[in-house]
Amino acid sequence: MQDQGNEQEPRGPGGPRGSGARPRVRADVDHTAAEDRSAPFASSGELFEGAGAAEPGDGDQIAGYTILGVLGRGGMGVVYRARQSSPERQVALKVVRPGLATPIALRRFELESEALARLSHPGIASVYEAGREETPDGPRPFFAMELVHGRTLVEHAEVHGLDRRQRLALLARVCDSVQHAHTRGVIHRDLKPANIVVTTGDNGDAPTPKVLDFGVSRLADAPAGNTCQTEAGQLIGTLPYMAPEQIAGAPDVDARADVYALGAIAHELLVGRTPHDLSGKTVYESVRIVNEHDAPRLGTIDPSLRGDVETIVATALAKDAGERYQTAAALAGDIRRWLGHRPIEARPPSALDQMTKFVRRNPLLVGASAAVGVALVGGLVGTGLALE
């Protein structure tokens, strides 16, 4: 538990996944997707029954690390606060839960550690060591990472009363971290405020946002036969932040899905809510809402956001991946242009663009309307001829 007045909340990789919990509610972080619309979905092959093997307790050793407490639990792994003896430091230690070391679980865990090993950026939690310990219950993979202290992105903005410019400046730095991952072939697939922690450091350093939890990340250059790559129809991510193509279960989602998630995070940072209200909705209803309804433009929620900021967020949230910013760097670039009072590159859709999109998304409705229109015109013409 964290004291309400203590900002330095440690966060480890993958633990409290999908919580969005306030700092004072440290235990309320292990919801299922059905209970919390912010909780991440996993592929069906990763949902396991509880195992009979006992979990390590405080003071126990895992691969030479001394357990100090639990930071979070997920469907497959447990993240501990642990102490490393050499060098002397505290770390976040992630291990596969006892008895769950199935081939799929082990491969997913290996993919996460491989993804993290590719990354070296101040905005991404550092990995120190990865390995596998043999136990009476079977192999126990683990990796030790930087223990990150701070609040989640939205919590940090709220607690410190950040203004619009400060919030967007932080988001641009998150984009830099995500772009680094993309250039290394790693697509996060579960970006959300709960997976971004802002730390101020021990010496009053400037706030630094750090991206955590690459547990469902995808390696863009993984071999075609990789058994943990998403199959068509699987739902992986957190619904309020998932791009339409990701919700559709496309097996080859690319960096633009993360761009959409960054747009959803921007939306929440600026107006206090996600692009679509999915609270109380079933998974089916949530999928339908995201696929069929455009996110409200920021200016309709807060008129002061009309203009460039509204255009930036709307471009990141475009349903068609081809109409979004094509990279996280491009999104960061427009944010910084706005911060520097320079023209942005994105442009709001014209009336013709909006009409074209409407027709594309509603072909049956448009076709029926056109048929009615033709019938009416034909009737009028016929009536006119009869009168003559």
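Before reading on, note that the structure itself is shown above.
A. Region of the structure containing the overall build of the protein. Tallying secondary structure elements over the protein gives eleven helices and 13 strands in all. Looking at the protein as a whole, 51% of its 388 residues are labelled buried. A separation of at least 24 residues holds for 63% of the contacts in the protein among residues at least 6 apart in sequence. Just so you have it, the protein exposes about 17,700 Å², and 53% of that area is on carbon and sulfur atoms.

B. Broad picture of the pattern of salt bridges. The tally for this structure, following the rule as stated, stands at 14 salt bridges. Residues Lys 192 and Asp 190 are paired through a salt bridge, measuring 3.5 Å at the closest nitrogen-oxygen approach. Here Lys 192 matches Asp 190 in class, with each residue buried. The residue Glu 310 makes a salt bridge to Arg 297 at a minimum N-O spacing of 3.5 Å. One end of the pair, Glu 310, is in helix H8 (residues 308-316); the other, Arg 297, is in the loop between helix H6 (283-292) and helix H7 (298-301), with 13 residues separating them in the sequence.

C. How the structure looks around the packing of aromatic side chains. Under the counting rule described, the total for this entry stands at two aromatic pairs. Ring geometry for Phe 109 against Phe 143: centres 5.1 Å apart, planes inclined by 40 degrees, an arrangement best described as tilted. Residue Phe 109 is located in helix H1 (residues 103-117), and its partner Phe 143 is located in strand S7 (residues 138-146); the two are separated by 34 residues in the primary sequence. Here the two residues Phe 109 and Phe 143 agree in accessibility, since each one is buried. One residue, Arg 89, lies across the ring of Tyr 128, its end atom 3.7 Å from the ring centre. Cation over ring: Arg 165 sits above Trp 338, and NZ or CZ is 5.2 Å from the ring centre.

Thresholds applied
Each chain carries its own residue numbering, running from 1 in the written order of its sequence. Given that the model is predicted, a residue must reach a pLDDT of at least 70 before its local features are reported, and side-chain atom pairs must reach 80 or more before they are shown or counted; all residues, however, enter totals for whole chains, interfaces and linings. Side-chain metrics rest on all non-hydrogen atoms present in the structure, leaving aside hydrogens and water. Elements are defined by DSSP. Helices are runs of H or I of four residues or more, strands are runs of E of two residues or more, and each kind is numbered from the N terminus. The classification of residues rests on relative accessible area computed with a 1.4 Å probe and restricted to protein chains. Under 20% of the type maximum is buried, over 50% is exposed, and intermediate values are partly exposed. Any two residues whose heavy atoms approach within 4.5 Å at even a single point are treated as in contact. A 1.4 Å probe and the Shrake-Rupley method give the accessible areas. Residues count as covered only by the protein chains that appear here. Criterion for a salt bridge: a side-chain nitrogen of Lys or Arg within 4 Å of a carboxyl oxygen of Asp or Glu. Stacked, tilted and edge-to-face are the three classes assigned to paired rings of Phe, Tyr and Trp, where Trp is represented by its six-membered ring and a pair needs centres within 6.5 Å; plane angles under 30 degrees give stacked, over 60 edge-to-face, the rest tilted. Counted as over-ring charges are cases with an Arg CZ or a Lys NZ within 6 Å of the ring centre that also lie within 35 degrees of the ring normal.

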